[in-house]
Amino acid sequence: MITLNINKKNYNVDVDPETPLLWVLRDTINLVGTKYGCGMAQCGACVVHLNGEAVRSCVTKVSRAVGQKVVTIEGLSEKNDHPLQKAWIELDVPQCGYCQSGQIMSAAVLLRENKNPTEKDIDAAMAGNLCRCGTYLRIRKAIQLAAEIQRKGI
Amino acid sequence: MEDIKTNYSRRSFLKSSALAGGGLLISFSALAKFDLDDKVNKLDLPDQWYELTGYIKITPDNIIKIFNPNPEFGQNVMTSLPMIVAEELEADWQKIVVEMGPHDNVKLGPQFTGGSNSMRMYWKPLREAGAAARNMLMQAAAQTWAVPVEEITTKAGMLYHEKSGKSGTYGSFASKASEIAIPKGVKLKDVKNFNVVRHSQKNVEGLKIITGKPLFGLDYKVEGMLIAMIEHPPAFGMKLKSFDASETLKMPGIKDVFSQKLYEDGFEQGGFDTRTFNDLLVVVGNTSWEVMKARKKLKVEWEPAGDTKNTMSGKREVIVPGELESTSTQLAKMKEYANKPAQQLRKDGDPETAFKNAAQVIERTYNAPFLAHNCMEPMNFFAHVTDEKALVAGPLQAPGWSEPTLSKLLNLPADKIEIQMTRMGGGFGLRAYGHYIYEAALISKKVKAPVKLIYSREDDMTYGIYRPMYTATYRAALDANKNLIAFHVKGGGIPENAVHANRFPAGAIDNYLAEGWQIPSNITIGAFRAPRSNFAAAAEQSFLDELAEAMGKDPIDFRLELLKRAKENPVGKSNDYNADRYAEVLKLVKEKSGWNNPENKKYSRGVAAYFCHNSYAAHVVDLVMRDGQPYVERVFSAIDCGIVINPDAATNMVQGAVVDGIGNALYGGLTHKDGAAEQNNFHRYRIIRMNEAPKKIEVHFVQNDIDPTGLGEPPFPPVFGAVANALYKNTGNRFYEQPYILQLNKTSRA
Amino acid sequence: MKQHTERYLLPVKTISVLAVILSVIVFMSFSFKNETTISSVKSDTINKDSIESVKAFMDVYKVLMSPRCMNCHPSGDVPLQGDDSHIHNMLPQRGKDGKGIYAMKCMNCHQPTNLEGLNKPPGNPNWHLPPSNMKMVFEGRTPGQLARQIINPKTNGNKTIQQLIAHADDGLVKAGWDMGEGRTAPPLSHEEFKKAWITWIKSGAYAPKQ
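Residues numbered from 1 in each chain as written. Chains lettered and ligands numbered in written order. Predicted model: local features only at pLDDT ≥ 70, side-chain atom pairs only at ≥ 80, totals over all residues. Heavy atoms only, no water.

### Side note on the overall build of chain A
When helices and strands are counted, chain A shows six helices and five strands. Along the chain direction, N to C, the helices and strands of chain A fall in the order β-β-α-β-β-α-β-α-α-α-α. Against the 2.2 N^0.38 benchmark of 15 Å for 154 residues, chain A shows a C-alpha radius of gyration of 15 Å, consistent with a compact globule. Overall size of chain A, expressed as C-alpha extent along the three principal axes, is 45 × 30 × 25 Å. Within chain A, the fraction of its 154 residues that count as buried is 71%. Across chain A, contacts joining residues at least 24 apart in sequence account for 58% of those joining residues at least 6 apart. Within the structure as shown, chain A displays about 4,800 Å² of accessible surface, and the carbon and sulfur contribution to it stands at 49%. (Helix = DSSP H or I, 4+ residues; strand = E, 2+ residues; numbered from the N terminus. Rg over C-alpha atoms; globule rule 2.2 N^0.38 Å. Buried < 20%, exposed > 50% of the residue type's maximum accessible area, 1.4 Å probe, protein only. Contact = heavy atoms within 4.5 Å. Areas by Shrake-Rupley, 256 points an atom, 1.4 Å probe, with all protein chains shown as cover.)

Shown next as structure tokens:
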């Protein structure tokens, strides 16, 4: 039995400790906001926060998360009002939507560490998140808008 | 502390209702009693709905639900199709509830997403449904108030009789209206008076997407569901010989391992029943990871399948060659076939003589590789099959195309089969094919349990149903005055060619010849975003650019000249484009891009235009070199797709198509060695990334009142040509082989 | 094994001694065109032999310039990847402390251990690049340049000779031999490398001419 702390809640799960966190989230705990895209850390659809850092849950063993704080897209904000979520709605970013959880979770780390990201900062932070539908421009603009929302405390 | 138990009901997943107002949590009286917080997927909507046409349901409390009939894969029909209904219905868009429709071709139309057809197919039917429902409500009010129906007006979900000052909600008349026969031929609104359509509306599923709600096939779950995965042969042209699952069966969570045929011999396949491998080696277990782990312990022997036979409808047999193909041998074979006689597809005038007498002949050959769709959400499907009925649910583009085959395979009548369409994490044409639905269904039937079949990214990328491998040789004849007197395109491909014989510049040139050839293969192919066009535009638009230069003309002016000829004095009769509209997008992109503006000289500019799937698109691509790598910094796009339903969403689509086009043109491609794919995940198959995408894509729509045509595919093909033309401006070299990055990095595919 | 007494007792003295040595080296380089030496280390651990030393370093160089070592000692701020040392996919950036930045910090993908399967990110509890103020670049270095870089505390991460010797058994160095499926091991075994490394240093840490 493993105890995990996910989105401020504790869960007891009976899984092999070598199971990637992604599959424990999706199959065992039924938090399916975190997505499977490649299984080898190439696409970023599986990004969650482990003690605030944007780890790729498809290659992160669940054992690494024991005793740590995990936040998934479902827990990014209590009222769906993280500046990124607000910006994402404002600019109508998604097309198919499958990659968007990972995009937002990666962007959240950028915005936490850099209140005024430049184009280059956005490139550096987000080059690991694939979008097959090509919403990159809107993601970029939404990050910039979210930074503004954050700065102004709206 | 929560001990995990699965807490899903099928109903709650699929009642994927959304508030049309962009999913913003509007708390307002009628809806206040519903828990709209983050349990939106368990929206407890009332059961008392009155149906007014198959698309609309209304409650007495005036909650109006509109069904989206067409499967959603990012083109946002979930928003735009209901918008059309809401417009004619005169409902308040902000208060509409949208729900994905069930599979019901009687009530909800053709229900297939493909060919950029959603708008074309549903424009009239949805307007008529909305107008008819409004009319039924007006009749109900007129009857109740005992007034002439002509004196009733409507606005935002309310009915009014101004003379008497009476008014009432749609909901209060819904019951009565639902008993009135659906009228035909109701007058539709003037398109110039739209309040909803032609105004940007937010994605109705936006909030759910960004809060991680279960929406996609891969998210679908029911109590007691098992996971299945299929172990495919490692190469095209191979098949299962034998397997030893003893180690696999010992692994935790594993229920069963077995082999299963997909189609019996002689089974007549429909056009979208394509499958690569017929013998399925299936592993079934409790969870995804347990199955993924257990698969690795399979001991399998594969053997060459040799030549096999597919039976198509009408008992037509097609031989599938057994050779284990390699890209190098494929390229060599294509060169060989290019020199053989081919099938004539169109001939105008006397091209042979014109070429013989030409002062100058320009000949160029273009190549492009197989492309994998690589939808972000890998293939998957849920099935629960019993002897009496079947429920299948998942991401698919065309339930109606798969139902007949499913019915045959399961030996169940269609009315005992329920197909539910989840949101798709990308489609691009791949999800029009039904084999993975049938696989899931057969597995469920065998193990007598609900099963979700999932494909790993490797399974997905190596399965086939690719965009074909293409080549085309273009020839142009110029006379002594550098006039274009003849044009010849000879296109080939594995296993089909990409020639659209009746497309521009056919119709603009007196002497014209189009030919095509193909080489059969066991590498399966299928529709890929703008099939055939996605290569034809690249080759043709590069060639036209080179021609223009040889003739000393500006590339846009050159095309406009040809279009002028096609309009005023067309050659031949079946010219598959409207020369005016085609010219219009070129003129628009010329203007908006500042084509001749000297301050744009720092960019290497490439232009291309194309017509496909009923819409017109032109792009100017501005490229620079950055650390020795090509970077498209900005793009200007001009589109004519008729009436634009949802302008901001349409802009998003065009931007996406441009990014997709740049990525595929520069980086995408599959190669093979002895039948095995050399790329099986994103570390080898390169997809364009954030830092490689343009910073600006400015989209302009031609403003007209023409009935809407599609947008998913038309902007995509010309991007390839524009990129090639921009690369030429930058490097001084023409680019003939995709992906273009190979030529830049001086590596080769073979 | 760190020589704590040497390190903590008289840091200033050590620095000034090294400074003297460096100037000696510079002076001697004019007279001995073929070699450079460090002569401060206790003479019982150094038996100077310029030929032996340089020969051993060429083995060291072979290993350090192999992908398993060089990939994390790039000349730019993006690591290299694979047996062909291409630029690391997705362009993760070095960052100030060498641990990456934002949503692509090294350990966001690289786990404490290797993972099963081809092309998965290799693992180590301390996965990182050298920090930006001490890049310790291997890529593009000639043998002479690399040797001189390694023996100079200003460019080797402030390591003394004893620390350099011990470095052969550093966890991350050893990880070069525990590289995960599908990756080619360095051209010498760790044992052979360690022997060459120590031989090079103990016989005077001579840098090759080129």
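Next, the rest of the story.
### With respect to the domain arrangement of chain A
Residue and element names in this part refer to chain A. You can read the domains of chain A as domain 1 (2-72) and domain 2 (83-152). Put simply, the middle of domain 1 and the middle of domain 2, counted by C-alpha atoms, are 21 Å apart. Run the count over domain 1 and domain 2 and you get zero salt bridges. Taken together, the links from domain 1 to domain 2 amount to seven residue pairs in polar contact (both at pLDDT 80 or more). (Domains from an automatic or database assignment. Salt bridge = Lys/Arg side-chain N within 4 Å of Asp/Glu carboxyl O. Polar contact = N/O pair within 3.5 Å; in protein donor to acceptor, adjacent residues only side chain to side chain.)

### Here's the deal with the interface of chain B and chain C
Contact residues are listed per partner, giving six residues for chain B and five residues for chain C. For the pair chain B and chain C, the two sides together bury roughly 460 Å², of which 38% comes from carbon and sulfur. If you sort the residues of chain B by the area they bury against chain C, Lys296, His683 and Arg689 of chain B come out on top, with a joint share of 70%. Our count for the chain B to chain C interface comes out at one salt bridge. A salt bridge links Lys296 of chain B to Glu116 of chain C, with the nearest nitrogen and oxygen atoms 3.9 Å apart. On inspection of chain B and its partner chain C, the count reaches one residue pair in polar contact (both at pLDDT 80 or more). Within the side of chain B that touches chain C, the residues separate by chemical class into one nonpolar, two polar and three charged. (Buried area = accessible area lost by both parts, 1.4 Å probe. Nonpolar A, V, L, I, M, F, W, Y, C, P; charged D, E, K, R; others polar.)

### Notes on the sheet that holds strand S16 (residues 308-312) of chain B
Residue and element names in this part refer to chain B. Judged by pairing direction, the sheet is mixed, and its three strands sit side by side in the order S13-S16-S17 without closing on themselves. Each edge of the open sheet is held by one strand with a lone partner, namely strand S13 (268-269) and strand S17 (316-320). In the sheet, S16 pairs with S17 via five bridges, with the strands oriented antiparallel. Considered in S17, the bridge of Lys309 is made with Ile319. (Pairing = 2+ DSSP bridges.)

### With respect to the pattern of salt bridges
The tally for this structure, following the rule as stated, stands at 62 salt bridges over all chains. Measuring nitrogen to oxygen at the nearest pair gives 3.3 Å for the salt bridge that ties Glu51 of chain B to Lys107 of chain B. Of this pair, Glu51 of chain B sits in strand S3 (residues 50-52) while Lys107 of chain B sits in the loop between strand S6 (97-100) and helix H4 (118-145), and the two are 56 residues apart along the sequence. Residue class for Lys107 of chain B comes out partly exposed when judged on its relative accessible area of 39%. Two residues, Lys62 of chain C and Asp59 of chain C, come together in a salt bridge whose shortest N-O distance is 3.8 Å.

### What about the state of the cysteines?
In total, this model carries zero disulfides over all chains according to the counting rule given. Free of any disulfide, Cys133 of chain A has its nearest neighbouring cysteine sulfur in Cys96 of chain A, separated by 3.8 Å. We classify Cys133 of chain A as buried; its relative accessible area is 6%. Not engaged in a disulfide, the cysteine Cys612 of chain B finds its nearest cysteine sulfur in Cys641 of chain B; these two sulfurs lie 12 Å apart. (Disulfide = S-S within 2.5 Å.)

### Here's the deal with the packing of H4 of chain B against helix H5 (residues 170-177) of chain B
Residue and element names in this part refer to chain B. As a packed pair, H4 and H5 sit with axes 8 Å apart at the nearest point and diverge in direction by 90°. Classed by the angle they form, the pair H4 and H5 counts as roughly perpendicular. Residues Arg134, Met136, Leu137, Ala140, Ala141, Gln143, Thr144 and Trp145 of H4 touch H5, and the partners they reach there are Tyr170, Phe173, Ala174, Lys176 and Ala177. Tallied by class, the residues present in the contact of H4 with H5 amount to nine nonpolar, two polar and two charged. (Axes fitted to C-alpha atoms, helices over the stretch in contact; angles between N-to-C directions. Parallel < 35°, antiparallel > 145°, perpendicular 65-115°, else oblique.)

### Overview of the pairing of strand S4 (residues 53-56) of chain A
All names here are of chain A. As judged from the four bridges shared by strand S3 (residues 47-50) and S4, these two strands associate in the antiparallel manner. Within the sheet, the bridge partner assigned to Leu50 lies in S4 and is Glu53. Taking the residues that link successive antiparallel strands as the turn, the S3-S4 hairpin has two residues, and the phi of Asn51 there is positive, at about 50°.

### Here's the deal with the packing of aromatic side chains
Residue and element names in this part refer to chain B. Here the structure, examined in full by the defined rule, presents 37 aromatic pairs over all chains. Taking 4.8 Å as the distance between ring centres and 35° as the angle between the ring planes, the aromatic pair formed by Phe112 and Trp401 counts as tilted. Of this pair, Phe112 sits in the loop between S6 and H4 while Trp401 sits in helix H11 (residues 399-410), placing them 289 residues apart in sequence. A connected cluster of aromatic rings, assembled from ring pairs, spans Phe236, Phe277, Phe370, Tyr455, Tyr463 and Tyr466. When the ring centre of Phe267 is taken as reference, the NZ or CZ atom of Lys408 above it lies at 4.6 Å. (Phe/Tyr/Trp six-rings, centres within 6.5 Å; stacked < 30°, edge-to-face > 60°. Lys NZ or Arg CZ within 6 Å of the ring centre and 35° of its normal.)

### Examining the interface of chain A and chain B
On the side of chain B, 71 residues touch chain A, which itself brings 62 residues to the contact. Note on chain A versus chain B: buried area summed over both sides is about 5,700 Å², and carbon and sulfur give 57% of it. Applying the counting criterion to the chain A and chain B interface returns five salt bridges. Along the contact surface separating chain A from chain B lie 26 residue pairs in polar contact (both at pLDDT 80 or more). Elements that contribute at least two residues to the side of chain A that touches chain B include exactly strand S2 (9-13), helix H1 (21-28), helix H3 (83-90), helix H4 (100-113), helix H5 (119-126) and helix H6 (136-152) of chain A. Top contributing element to the side of chain A that touches chain B by residue count: H6 of chain A, with six residues. For the side of chain A that touches chain B, a count of residues per class yields 28 nonpolar, 19 polar and 15 charged.

### Details of H4 of chain A
Residue and element names in this part refer to chain A. Compared with an ideal rise of 1.5 Å per residue, which puts 14 residues at 20 Å, H4 spans 20 Å between its outermost C-alpha atoms and is within 8% of the ideal. Within H4, 12 of the 14 residues are buried, leaving the element largely enclosed by the surrounding structure. Turning to H4, its buried residues number three or more, namely Gln100, Ser101, Gly102, Gln103, Ile104, Met105, Ser106, Ala107, Ala108, Val109, Leu110 and Leu111. (Expected span 1.5 Å × (residues − 1).)

### Brief notes about helix H6 (residues 143-151) of chain C
All names here are of chain C. Buried residues dominate H6, accounting for seven of its nine residues. Of the residues making up H6, those classed as buried are Pro143, Gly144, Leu146, Ala147, Gln149, Ile150 and Ile151. The inward-facing, buried residues of H6 abut helix H3 (50-64), helix H7 (161-167) and helix H9 (190-202).

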